[in-house]
Amino acid sequence: MGVREQVGHPWMGNSLPALKQQMLGEIGAGSIEALFEQIPEDHRLRQRLDLPLGIKSESALRRRLTDMLSRNESADTNLMFLGAGCWPHHVPAVVDEIVGRTEFLTPVWGSAQSDFGRNQAWFEYASQLGELLSMEVVGLPVYSWGCAIGHALRMTARLTGRREIVIAEVFDPERLSVVENYCEPTDMPNHIKIRRVKVDAKSGLIDLDDLKTKVSSKTAAVYFESPSYLGLFEANAAEIARIARQHGAETIVGVDPLTLGIVRPPADFGADIVVGPTQPLGVHMNCGGGVGGFMASRDEERYVREYNGFLISITETQKPGQFGFGLASAHQTSYGMRENGKDWTGNSVYLWAIANAVYMSLLGPQGFREIGELILAQSHYAARRLAEIPGIAIRYSGGFFKEFVVDFSGTGKSVAAINKKLRKHRIFGGKDLSAEGMKQCALYCVTEVHSTEDIDRLASAIEQVVKP
Amino acid sequence: MSDNPIHLRQYHAPVWDEPVVMQLGYPGRRGQVFPQPSAAAIDKVGTASSLIPKGLARTNAPALPEMSEPEAQRHYLHLCQETLGMLNISLFGTCTMKYNARVSEAIAQRPFVADVHPLQPDESMQGILQAIHEFDLGLRALSGMDQFIFQAGGGADAAYTNCVVTRAYHKSRGELKRRNEVITSIQAHPCNAATAAAAGFKVVTLNLEENGYPSIGALKAAISDRTAALFINNPDDMGIYNPDIKEWVRLVHEAGGLCFYDHANFNGVMGKIRARELGFDACMFMLHKTFGAPKGGGGPAVGAYGCTEALAPFLPKPVVVKDDKAYRLDYGRRKSAGKIREFFGNVPQVLKAYAWLLAMGRDGIDEASDISVLANNYMDHKLAQIRGLTRSNPQIAKHRMEMTRWSLGTLKTDTGCGTVEVANRMADYGVDPWWMSHEPWIVPEPFTPEAGEMYSKEDLDYWMAVVAKISEEAYANPELVKSAPHNQVIAQIKSDALNDPAKWAITWRAYVRKHGKSSEAGSKPHAAE
């Protein structure tokens, strides 16, 4: 004990009595305690903190944490069919290397000159995503897809002066809850009313007739996703955008960027603002800590002046022919204008923007086409295989990508019971949708990480599990 | 400082003249190849193109670079090297620069954290839930609060969390419509005012008075039955601790408002005071600052939000709880304000903060706040000896907390070199440019160093020797400082294009369109002459 207290902490350079004494001597203070003179005595905590003593040994710390975390199961040693906002995808080793580098992992802000490389990587995130999206403005990412939807909706409310938005009645509950908060409760003066449009029971797509009754001159924006929460491509995207425009509303579209090697970008169908998840682009699931959200638009001043977060622009330097990067239209942020800024900004998921940049550069146009086609083929194969099992049906007739709804109600067994039994096969079954109005249905996610053998293994495990 | 001359190192940033990635590669080159769909799959479902609904298929391939794997790796390694960041000494105030332990990083990158899905059954992620719960207990010990959550993706998002909790609390009492004002101070981080406004509140901002903080009289004048909450930091970024804070909290409570402690500046008071004993209802810690998780150049970050039992029912869900011996995510919280971000937080960052807490312990935390305050006062003493520098609130003689705001107003008047110019010049010595101040600048030409506990006395001496050297340069040859940096990756950027819709270029495709550059070789801009 006495020995331990004399050991300098490896993470603190001045954890030595002699250095403390030298600094005190320089200041001319009698003790460290004297330096806390601003804090009144009756504010001070005089009892001992209810925490253990520190573990100064790295090997002991590592052991403590790995023993605890080894109790987790993961997609590394199980088949993972959960998606719904966070998806099992392949993360290239080079991405892991680059985001693990101390240069990118630890900086705080720097300057345009001293943290030039990071700023360029950010610009490359926006530039490559801009090519996938066919859009000229891509902001640095916000916290999540749901947050991106929220900021985009609020942006359109400011742009149009209207306070209603229209979204589908089938919507990821995680994202919906975030969006509801961004739209503010009814008691707040700037509350944005959320109107829900029906989806067709057979196709799962937005019901255009119902949409026409929901969109009006009060509508700030129509927001829809393609693929949707349930994995469906929105075949009527152009018509939805047309209806929105007819009423002077903006069209916001959510898209999985991994579809964009094979599917036309939302801008082609009339999207004004496009949002979506960044986690599929080379970020581990991280228990949900891998999520991030992108925002993009046309390069029109009315949009650019409404972004809440940072926009990185390429620019010239004082040296002819040299380029650098700086924040465009930055004064509008909360850093510049406090409560009068556009929503707010702060730390976000900028390290993941670098992961995304590296990922996109590794894939290129061919890689995006290939991964899109592979996910299509594998997910459809999985759907067909599961549909062959007695009592199991695939809901919705429309085209889908990566995720699809499996209806187990014909098996007489609950999704909860099936998923529990699948755990014995080292399989994580799809997300149970029973609490979301789809009794004994599950949302299955199949990606490029699933081989045909994996899918066959899933099918035979389910066959065993649902056997009467 | 001339009595103890310090040798300033010869330094030049790496310059790779690295093109923008869009200019690299060769048609057909590949950095990742995916397996072909199996014959069995194609047999069953047909070709991929047949699975795309009519009219949706992409016809023009995205103009992404086509690079080999080592080519892409090398490009991004070069960009790493062109980032100074924390490779040397960074005393970036308000952000509490810490050692980001590699052991925590190595553990967080393992599949038992990285490849876990947030919707897995609780029993399959007991390890991570235990770590979150135990860390929650540690934060409770440090704050006196009853429950923490980690959903917020940064400090500003934790302030936003407080907004949604405040709304839900007042709504539950039928008072939300009337209680539409949030009180904060001009020295609180802008995110407090901004999130309150974005959540629908009117913002009342108190100004500083002669003691360095707003007066009780000003607070009293701001409080009414419309007050929803007080959002306040203490100490502030000038290093001033408001000794009236208990009375502030009492007054706001008396009027029916809630009190939120923005613990952005926790490093100097950790283990010394607790939010709960000062009367606060809720507080926030930044795990990417005080608790040693890396900053990532701007996240993924975590604003850990804690509150009293009375507010806990309103917290965003899920909350990690412990029943008997098992841990679980509690989604069944009827009064919850809902969610502010999907899932339950940046778990790897929470884990790294937990590792920091374990490694520091109660002894290390107490020592770290001692050292932070000691080191800042040591710097205060030495910086005062440098020409052109003055301390904010010069009338206040008491020792400051873990950081102090300084001013270069004198240097600017004398030489024309202000805080931006000096910051640029610092990078020429391999030192991360300092943090100046949030808006608005209350003192002229501000800078805000924060020593923290990681850096050694030699590091602090070196950093101050750089500042002293630049002060000498400013008096002797101001042009040298004004035209800095000279030893960096690039020269000063021209900022006129950044606010001009005709010139800004936020993606490469916009740049090509506006500036008439084709993406063909030969017409590319270069990083150096």
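Note that the structure is a prediction, hence the values are computed from the model and not measured. (Residues numbered from 1 in each chain as written. Chains lettered and ligands numbered in written order. Predicted model: local features only at pLDDT ≥ 70, side-chain atom pairs only at ≥ 80, totals over all residues.)

## Topic: the overall build of chain A
Scanning chain A for helices and strands turns up 15 helices and 15 strands. For chain A, the spread of C-alpha atoms along the three principal axes comes to 80 × 55 × 50 Å. Within chain A, the fraction of its 468 residues that count as buried is 63%. Counted over contacts in chain A with a minimum sequence separation of 6, partners at least 24 positions apart contribute 72%. (Helix = DSSP H or I, 4+ residues; strand = E, 2+ residues; numbered from the N terminus. Buried ≥ 20, exposed ≤ 12 C-beta atoms within 10 Å, placed from the backbone. Contact = placed C-beta atoms within 7 Å.)

## What about the overall build of chain B?
The helix and strand tally for chain B stands at 15 helices and 12 strands. In terms of overall size, chain B behaves like a compact globule, its C-alpha atoms giving a radius of gyration of 26 Å where 529 residues would be expected to give roughly 24 Å. C-alpha extents for chain B along the principal axes are approximately 75 × 70 × 45 Å. A sequence separation of at least 24 residues applies to 73% of the contacts in chain B between residues at least 6 apart. (Rg over C-alpha atoms; globule rule 2.2 N^0.38 Å.)

## Thoughts on the sheet that holds strand S12 (residues 403-407) of chain A
Pairing between the strands of a sheet is mediated by backbone hydrogen bonds and can be parallel or antiparallel. Residues and elements named next belong to chain A. Here we have 4 strands laid out as an open sheet, ordered S11-S12-S15-S14, and antiparallel in their pairing. At either end of the open sheet lies a strand with only one pairing partner, and these are strand S11 (393-394) and strand S14 (431-432). Relative to strand S15 (residues 441-445), S14 runs antiparallel, the two sharing 2 bridges. Looking at the pairing, Asp432 lines up with Ala442 of S15. (Pairing = 2+ DSSP bridges.)

## Here we look at the sheet that holds strand S3 (residues 164-168) of chain A
Residues and elements named next belong to chain A. The strand order across the open sheet built from 7 strands is S2-S8-S7-S6-S5-S3-S4, with neighbouring strands paired in mixed fashion. Because the sheet does not close on itself, it has two edges, and the strands there are strand S2 (137-138) and strand S4 (193-197). Inspection of the sheet shows strand S7 (residues 273-277) paired to strand S8 (residues 293-297) by 5 bridges, in the antiparallel sense. Paired with Gly276 across the two strands is Phe294, which belongs to S8. Packing of helix H6 (residues 116-133) onto the sheet brings it into contact with S2, S7 and S8, and relative to S8 it is tilted by some 65°. (Axes fitted to C-alpha atoms, helices over the stretch in contact; angles between N-to-C directions.)

## So, the interface of chain B and chain A
With 186 residues of chain B at the contact, the number on the chain A side is 181 residues. When grouped by side-chain class, the residues that make up the side of chain B that touches chain A number 108 nonpolar, 45 polar and 33 charged. (Nonpolar A, V, L, I, M, F, W, Y, C, P; charged D, E, K, R; others polar.)

## Quick word on the pairing of strand S6 (residues 250-254) of chain A
Two faces, one strand: in a regular strand the side chains alternate between the faces of the sheet. Residues and elements named next belong to chain A. Within S6, 5 of the 5 residues are buried, leaving the element largely enclosed by the surrounding structure. The alternating pattern of S6 places Glu250, Ile252 and Gly254 and Thr251 and Val253 on opposite faces, both of which are buried. Of the pairings in the sheet, the one linking strand S5 (residues 219-225) to S6 comprises 5 bridges and is parallel in character. Pairing of Phe224 across the sheet is with Val253, part of S6. Pairing between S6 and S7: 3 bridges, direction parallel.

## Observations concerning helix H12 (residues 419-426) of chain B
Residues and elements named next belong to chain B. With 7 of its 8 residues buried, H12 lies for the most part within the structure. Within H12, the full set of buried residues consists of Thr419, Glu421, Val422, Ala423, Asn424, Arg425 and Met426. Of the surrounding elements, those touching the buried residues of H12 are strand S12 (446-447), helix H13 (457-476) and helix H14 (478-482).

## Considering helix H8 (residues 173-182) of chain A
Burial runs high along H8(A): 8 of the 10 residues are buried. Taken residue by residue, H8(A) has Glu174(A), Arg175(A), Leu176(A), Ser177(A), Val178(A), Val179(A), Asn181(A) and Tyr182(A) as its buried positions. Structurally, H8(A) contributes buried residues whose contacts are with helix H7 (145-160) of chain A together with helix H6 (155-172) of chain B.

## Quick word on the environment of Met270(B)
All names here are of chain B. Within the element layout of this structure, Met270 appears in the loop between strand S5 (258-262) and strand S6 (282-286). Here Met270 falls in the buried class, since 23 other C-beta atoms lie within 10 Å of it. In contact with Met270, not counting residues within four places along its chain, are Leu142, Thr290, Ile365 and Ser369.

## Considering the nonpolar core
Residue and element names in this part refer to chain A. Among the nonpolar cores identified, the biggest contains 340 residues, and Leu153, Ile354 and Val358 are the most heavily contacted of them. No other element matches the 22 residues that helix H13 (residues 350-387) contributes to this core. What Leu153 contacts, discounting residues up to four positions off in sequence, is Ile165, Val179, Tyr182, Cys183, Ile192, Ala221, Tyr223 and Ile252. (Core = buried A, V, L, I, M, F, W, Y, C linked by C-beta atoms within 7 Å.)

## Points about the environment of Ala72(B)
Structurally, Ala72(B) is set in helix H2 (residues 69-81). With 235 residues separating them in the primary sequence, Ala72(B) and Cys307(B) have C-alpha atoms 46 Å apart. Look past the residues within four positions of Ala72(B) in its chain and what remains in contact with it is Val94(A), Val358(A), Ser361(A), Leu362(A), Gly31(B) and Met67(B).

## Things to note about the packing of helix H3 (residues 58-69) of chain A against helix H10 (residues 347-383) of chain B
The angle between the axes and the distance between the axes are what describe a pair of packed helices. Interhelical geometry of H3(A) versus H10(B) gives an angle of 135° and a closest axis separation of 11 Å. Here H3(A) is positioned oblique relative to H10(B), judged by the angle of their axes. The crossing of H3(A) and H10(B) is right-handed. Here H3(A) contributes Leu61(A), Arg64(A) and Leu65(A) to the contact with H10(B), which in turn contributes Ala355(B), Leu358(B) and Ala359(B). Counted by class, the contact of H3(A) with H10(B) contains 5 nonpolar, no polar and 1 charged residues. (Parallel < 35°, antiparallel > 145°, perpendicular 65-115°, else oblique. Left-handed = near helix turned anticlockwise from the far one by under 90°.)

## Topic: the packing of H6(A) against H2(B)
For the pair H6(A) and H2(B), the least separation of the axes is 6 Å and the interaxial angle reads 135°. Our classification of the angle between H6(A) and H2(B) gives oblique. Of the residues in H2(B), those in contact with Gly117(A), Gln120(A) and Ala121(A) of H6(A) are Tyr76(B), Leu79(B), Cys80(B) and Gln81(B). Here the contact of H6(A) with H2(B) is composed, by residue class, of 4 nonpolar, 3 polar and no charged.

## What to know about the environment of Gly85(B)
Along the chain, the position of Gly85(B) falls in the loop between H2 and helix H3 (102-108). Classification of Gly85(B) as buried rests on a count of 24 C-beta atoms within 10 Å. Sequence spacing of Gly85(B) and Asp432(B) is 347 residues, and the spatial spacing of their C-alpha atoms is 6.2 Å. Once residues within four sequence positions are removed from consideration, Gly85(B) is found in contact with Glu103(A), Thr106(A), Pro107(A), Gly110(A), Asp115(A) and Asp432(B).

## Some words on the confidence of the model for chain B
A low pLDDT means the predicted coordinates there should not be read in detail. In the predicted model, chain B carries a mean pLDDT of 95, and the fraction of residues at 70 or more is 97%. We note a pTM of 0.97 for the whole complex and an ipTM of 0.97 for its interfaces. (pLDDT = per-residue confidence, 0-100.)

## A word on unusual backbone geometry
All names here are of chain B. Cis geometry marks the peptide bond from Lys317 to Pro318, where omega comes out at 5°. Here Pro318 shows up in the loop between strand S7 (303-307) and strand S8 (319-323). The omega torsion across Glu439 and Pro440 is -10°, close enough to zero to call that bond cis. Turning to its location among the elements, Pro440 is positioned in the loop between H12 and S12.

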